[in-house]
Each structure stands twice: as structure tokens, then as C-alpha cells.
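Descriptive analysis of the structure
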Amino acid sequence: MADHVTVLVIDDDPSIRDYLETLATRQGYGVHTASDGESALASLDRTRPDLITLDTVLPGMDGLETLRRIKQ
């Protein structure tokens, strides 16, 4: 079942982003990453993740605004 589940990791800290990507990949999930809200929103049409991890402090658009736009 995990083969069909995808995760989008949104974090501007490369070490946290890499860690979460590695952790999810080892559990068998497909993983996409983004370093900011704008690139995450741009990727949503092609990635269609089942789960999103979202940092609240991001450059440019913060995590709460990113979440608001994802929900739209």
C-alpha cells in the first residue's frame, strides 16, 4: 500500500528536507520535495501528494499562507 502513497516535504532547511525525504523513502513512500511555498504550489498539479509536511517558517510565502492556498 505504501507504494501508492506520496509525500510532499516542504522545508527551506536542506538537512531537514533531506532527512524527511530519506525517512519516508525508507518506509516505501514516494517523496517530492520543495524548498518554499511557491514551488510547492507549482508542483501540486503534477505530484498530487497524499500527505504534506509543511514548515511554518519559509522564505517568501510563509507556511500558513502556503497551507491556506493548498486548501483552496
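Just above, that's the structure.
What you see is a predicted model; the values in this text were computed from it and never measured. (Residues numbered from 1 in each chain as written. Predicted model: local features only at pLDDT ≥ 70, side-chain atom pairs only at ≥ 80, totals over all residues. Heavy atoms only, no water.)

Turning our eyes to something else, we now look at the pattern of salt bridges. By the definition in use, this model includes two salt bridges. Its salt-bridge partner being E65, residue R69 comes within 2.8 Å of it at the nearest N-O pair. Here the residue R69 and the residue E65 both occupy positions in helix 3 (residues 63-71), the gap between them amounting to four residues, near one helical turn. On the basis of relative accessibility, which here comes to 39%, the residue R69 falls in the partly exposed class. Taking relative accessible area as the criterion, E65 reaches 23% and is therefore assigned partly exposed. One connected set of salt bridges, linked through shared partners, spans E65, R68 and R69. (Salt bridge = Lys/Arg side-chain N within 4 Å of Asp/Glu carboxyl O. Helix = DSSP H or I, 4+ residues; strand = E, 2+ residues; numbered from the N terminus. Buried < 20%, exposed > 50% of the residue type's maximum accessible area, 1.4 Å probe, protein only.)

This part covers the pairing of strand 1 (residues 6-10). Across the five residues of strand 1, five count as buried, placing the element largely inside the fold. Covered by surrounding structure in strand 1 are T6, L8 and I10 together with V7 and V9, the residues of both alternating faces. Bridging between strand 1 and strand 2 (residues 30-34) involves five bridges; their strand directions are parallel. Bridging from a neighbouring strand, V9 pairs with T33 of strand 2. Sheet analysis places strand 1 next to strand 3 (residues 51-54), joined by four bridges and oriented parallel. Across the sheet, the residue bridging to V7 is L51, located in strand 3. (Pairing = 2+ DSSP bridges.)

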